[in-house]
Amino acid sequence: MHEMVPGRRFDRYRELGQYAFGEKLGLYIVAPQQLVVEVAVCIVYMVTGGKSLKKFHDTVCSSCKDIKLTYFIMIFASVHFVLSHLPKFNSISSVSLAAAAMSLSYSTIAWGASIHKGVQADVQYGYKAETASGKVLNFFSALGDVAFAFAGAHNVVLKIQAKIPSTTEKPSKGLMRRAVVVAYIVVAFCYFPVAIIGYWMFGNSVEDDILISLEKPAWLIGMANIFVVIHVIGCYQIYAMPVFKKMEIVLVTKLNFSSTRLLHFVVRNVYVVK
């Protein structure tokens, strides 16, 4: 799809949508869906980062005073007041690499610690909900968890492929296809063991984030939660940067703002605060 027209590369989903459906309709079909996904995932990552920070605090300092989750979310958000001002998508490549390494690390800790803890007493593998409506809601919630875990960088995949050199003899799709296959093998290696072993050990009482269900060894679970924080820091930026760009384009082209550093500073800080 990225190069379905010879000699032309579609570097954005918007461009692909406009080619398929027309200038206006293509934009109306693609842009709102992208925006909803990007903003929603940023919110989820913000909450996930705060929860992992809280879990780290509660694990390594169980005797300390309890602190509300809201404050940990604010601590997590403070990091993005700095990272959000990186100039280009390429600027977060090192952050993304660290996030990928952390994903492999904390997932291994999660299933390893689950095996160490063993199958819990009175473990139940049946439906958690008792009513039909509850079962349906839990079913869709489970699908959402799966989609979230295996989401990847779909929103910027065309932009990633756009940076791969491409010729008629050697189009970029070959290299991109191999990269995607390798990426999903790594993702499956990370998350399938967590899903299978975690459910085996905890049954239907397992938390959405399995690290919340684990308590010991405290130092290892605490470290795994920090790995999660690093991971979602990188992921947040991957989804936030396209939103920054969209907001700045609208302000400049529709509302006649000047494209200045002050505009970038205000737009990105306001989005993080949102």
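Treat the numbers as computed from the prediction; the structure is a model and nothing was measured. (Residues numbered from 1 in each chain as written. Predicted model: local features only at pLDDT ≥ 70, side-chain atom pairs only at ≥ 80, totals over all residues. Heavy atoms only, no water.)

Q: Just to check I follow, could you spell out the overall build of the protein chain for this structure?
A: Along its length, the protein chain carries 10 helices and 0 strands. Seen in sequence order, the protein chain has helices and strands lined up from the N terminus as α-α-α-α-α-α-α-α-α-α. Structurally, the protein chain occupies a C-alpha span of about 60 × 45 × 40 Å along its principal axes. Burial analysis of the protein chain (274 residues in total) assigns 34% to the buried set. Counting contacts in the protein chain only where the partners sit at least 6 residues apart, residues at least 24 apart contribute 71% of the total. Accessible area of the protein chain: about 16,600 Å², with a carbon and sulfur share of 68%. In the protein chain, which carries 27 positive and 16 negative side-chain charges, the distance between the mean positions of the two groups comes to 8 Å. (Helix = DSSP H or I, 4+ residues; strand = E, 2+ residues; numbered from the N terminus. Buried < 20%, exposed > 50% of the residue type's maximum accessible area, 1.4 Å probe, protein only. Contact = heavy atoms within 4.5 Å. Areas by Shrake-Rupley, 256 points an atom, 1.4 Å probe, with all protein chains shown as cover. Lys, Arg positive; Asp, Glu negative; His and termini not counted. Charge placed at Lys NZ, Arg CZ, Asp CG, Glu CD.)

Q: Explain a nonpolar patch on the surface to me, please; I cannot follow it from the model alone.
A: A contiguous nonpolar surface patch, about 410 Å² in accessible area, is contributed by Val119, Tyr125, Tyr199 and Trp200. With respect to the element layout, Tyr125 can be found in the loop between α4 (93-117) and α5 (132-149). (Patch = residues over 30% accessible without salt bridge, like charges linked within 9 Å, V, L, I, M, F, W, Y side chains within 5 Å. Salt bridge = Lys/Arg side-chain N within 4 Å of Asp/Glu carboxyl O.)

Q: What is the right way to read the pattern of salt bridges from this model?
A: Between side chains of opposite charge, a pair can form as their charged atoms come close. If you walk through the whole model with that rule in mind, you get 4 salt bridges. In this structure, Asp66 engages Lys54 in a salt bridge whose closest nitrogen and oxygen atoms are separated by 3.0 Å. Here Asp66, found in the loop between α2 (23-60) and α3 (69-83), pairs with Lys54, found in helix α2; they are 12 residues apart in sequence, far enough to count as distant. Residue Asp66 is classed as exposed on the basis of its relative accessible area of 57%. Owing to a relative accessible area of 18%, Lys54 belongs among the buried residues under this scheme. Its salt-bridge partner being Arg268, residue Glu248 comes within 3.0 Å of it at the nearest N-O pair. One end of the pair, Glu248, is in helix α9 (residues 218-253); the other, Arg268, is in helix α10 (residues 261-273), with 20 residues separating them in the sequence. Taking relative accessible area as the criterion, Glu248 reaches 7% and is therefore assigned buried. Accessibility expressed as a relative area gives 10% for Arg268, which makes it buried. Through salt bridges with shared partners, a single ionic network connects Lys54, Asp58 and Asp66.

Q: Help me understand the UniProt feature "transmembrane region" (unreviewed entry) in the protein chain, please; the structure alone is not making it clear to me.
A: Mapped onto this numbering, the UniProt entry gives "transmembrane region" (unreviewed entry) at residues 25-47, 67-83, 95-116, 136-158, 179-202 and 218-239. Secondary structure content for residues 179-202 is 100% helix and 0% strand, while the C-alpha to C-alpha distance between its ends is 34 Å. (UniProt positions renumbered as here; feature names shortened; annotations may be inferred.)

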